[in-house]
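The primary structure of each chain is shown beneath.
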Amino acid sequence: MSSHALKLRREGVRVGLVPTMGCLHEGHLSLLRLLDGRCDRKAASIFVNPIQFGEGEDLDKYPRDEAHDLELLAENGCNLVFIPDVQEMYPEDFQTYIEVEKLSKPLCGQFRPGHFRGVATVVNRLFNLTGCSVAAFGLKDYQQARVVERMVEDLNLPVELVFGETVRESDGLAMSSRNAYLSAEERELAVRIPTALEWARRQGENGVDDCGLIRDGMLTILNPLLKIKVQYLSAVDPMTLEPRSEVGGSVQILLAAFIGRTRLIDNIRIGPGSGTKPIKGVSV
Ligand code: PAF
C-alpha cells in the first residue's frame, strides 16, 4: 500500500479515503460519494481495529462480510481497497499511540477507556499508509469526528477532512453495522432513539432553552419500559464537547444506549441556529 501510495503521489494523483471496519452500508457509500470531485482516486480501508475495542466488547463477533463489501465498493466507484491484517498494522514491537486528550474523555470515552486512542492511532496510520489527501468520516460517530479533526489540526496532517450527515433507515434509525445484532423486537424499540432526537430537535426549534428539560423529555420517550438502557445522554458544546445547560444558538445532543446487548449511539444538533432538518420517517 505504501509503495503504491508513493507512486500515486509522485504522479500527482490525489487519493481520497473512507476508513471503515467493513460490513458496509449506505452510510459508508454516501461517504464515498462525498469524495466526488475532491480527489482523483477513491480508496476505502477495511480493518476491524482491535485496539479500539475494550475488554468484553464485540471485537470477536463484529460483523464481517468482505466479499459483499468488495462488491459494493466496486459498484460505487471505489478504485482502491486496503485490507491490512492485524500483524501488518500492529507488528509485535508496535508501541506508538496517539491520544487526543480532552476530546477523548467525556461521552463514549468515559465508558470506553482507550477507545479514541485506538481510533486516533489507526486513523493516523491509515492516513500515512494510503497517502490520502482527503478523508471522509460520518457524523453518526460525532465524537470520533471531533477527535480526528483535532488530531489533524494538532499534528498538521496534510489531510483535508469531509464529514457526511448520518444516513438513516426509513423509520429514522441511524445506519450502523451493529444494527445487525438487533432481534425483531429490539429493532422496533430502537426507533425510540431517533424519535427522542427528533422530539429534542423540535424543542430546540420552538425555543426551549433548558437542556435539563429536553433531556428529561427524551428519557421519557426512550425508556418507559426500561428496555432501553441509556448509558449517557448529554447536551454539549458542538466543538469542545463540554457540557451545556442551555441550548443557546445550538447544542449537540449525544447518546449511547443498550438495547439488549447491543450498544447504539446517535446524536443531533438542535437549537434555533442549528439548521438541522427533521428526521424523516419519525412520528413524535
Ligand atoms: O468509524 C469507524 O468505522 C472506525 O472507528 C474507523 C474510523 C474506521 C477506525 O477504525
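Residues numbered from 1 in each chain as written. Predicted model: local features only at pLDDT ≥ 70, side-chain atom pairs only at ≥ 80, totals over all residues. Heavy atoms only, no water.

Points about the site of the ligand
Around the ligand lies a shell formed by Pro19, Thr20, Met21, Asn49, Gln52, Val122, Phe137, Asp141 and Gln144. Side-chain polar atom of Gln52 to an oxygen atom of the ligand: 2.6 Å apart, as the coordinates give it. Contacts to the ligand include Gln144, whose side-chain N or O atom sits 2.7 Å from an oxygen atom. (Near = heavy atom within 4 Å. Polar contact = N/O pair within 3.5 Å; in protein donor to acceptor, adjacent residues only side chain to side chain.)

Some remarks on the layout of surface pockets
The computed volume of the second largest pocket comes to approximately 580 Å³. Lining the second largest pocket are 16 residues, and of these Glu165, Thr166, Arg168, Thr276 and Lys277 sit closest to its centre. Per-element accounting of the lining of the second largest pocket gives the leading share, three residues, to strand S8 (residues 262-270). Here the residues of the lining of the second largest pocket are counted per class, giving five nonpolar, six polar and five charged. (1 Å grid on protein atoms, 1.4 Å probe; cavity = no way out; pocket = protein on both sides within 12 Å on 5 of 7 lines; lining within 4 Å. Points joined across faces, edges and corners; volume = space filled by probe spheres on them. Helix = DSSP H or I, 4+ residues; strand = E, 2+ residues; numbered from the N terminus. Nonpolar A, V, L, I, M, F, W, Y, C, P; charged D, E, K, R; others polar.)

Observations concerning the nonpolar core
Residues Val123, Phe127, Ala135 and Leu161 are the most contacted members of the largest nonpolar core, which totals 43 residues. Taken together, the elements giving at least two residues each to this core come down to strand S1 (15-20), strand S3 (80-82), helix H6 (115-130), strand S4 (134-138), helix H7 (142-154), strand S6 (228-236) and strand S7 (251-259). Sort the elements by how many residues they give to this core and H6 lands first, with eight residues. Look past the residues within four positions of Ala135 in its chain and what remains in contact with it is Leu17, Phe127, Val159, Glu160, Leu161 and Val162. (Core = buried A, V, L, I, M, F, W, Y, C linked by side-chain atoms within 4.5 Å. Buried < 20%, exposed > 50% of the residue type's maximum accessible area, 1.4 Å probe, protein only. Contact = heavy atoms within 4.5 Å.)

Section: unusual backbone geometry
Here the phi dihedral of Cys23 falls at roughly 50°; this positive angle occurs in a residue that is not glycine. If you trace the backbone, Cys23 turns up in the loop between S1 and helix H2 (26-34). At Leu241, a position not held by glycine, the phi torsion is positive, near 65°. Mapping Leu241 onto the fold places it in the loop between S6 and S7.

Concerning the confidence of the model for the protein
The share of residues in the protein with pLDDT of 70 or more is 100%, and the mean pLDDT across the chain is 97. Ranking the elements of the protein by mean pLDDT puts helix H8 (residues 184-190) last with 96 and H7 first with 99. (pLDDT = per-residue confidence, 0-100.)

What to know about the packing of H6 against H7
Look at H6 against H7: their axes get within 10 Å of each other, and the N-to-C directions meet at 55°. With respect to H7, the element H6 is oriented oblique. In this structure, H6 meets H7 at a crossing whose hand is right-handed. Mapping the contact onto sequence places Phe116, Val119, Ala120, Val123, Asn124 and Phe127 in H6 and Gln143, Gln144, Val147, Val148, Met151 and Val152 in H7. Of the residues belonging to the contact of H6 with H7, the class tally is nine nonpolar, three polar and no charged. (Axes fitted to C-alpha atoms, helices over the stretch in contact; angles between N-to-C directions. Parallel < 35°, antiparallel > 145°, perpendicular 65-115°, else oblique. Left-handed = near helix turned anticlockwise from the far one by under 90°.)

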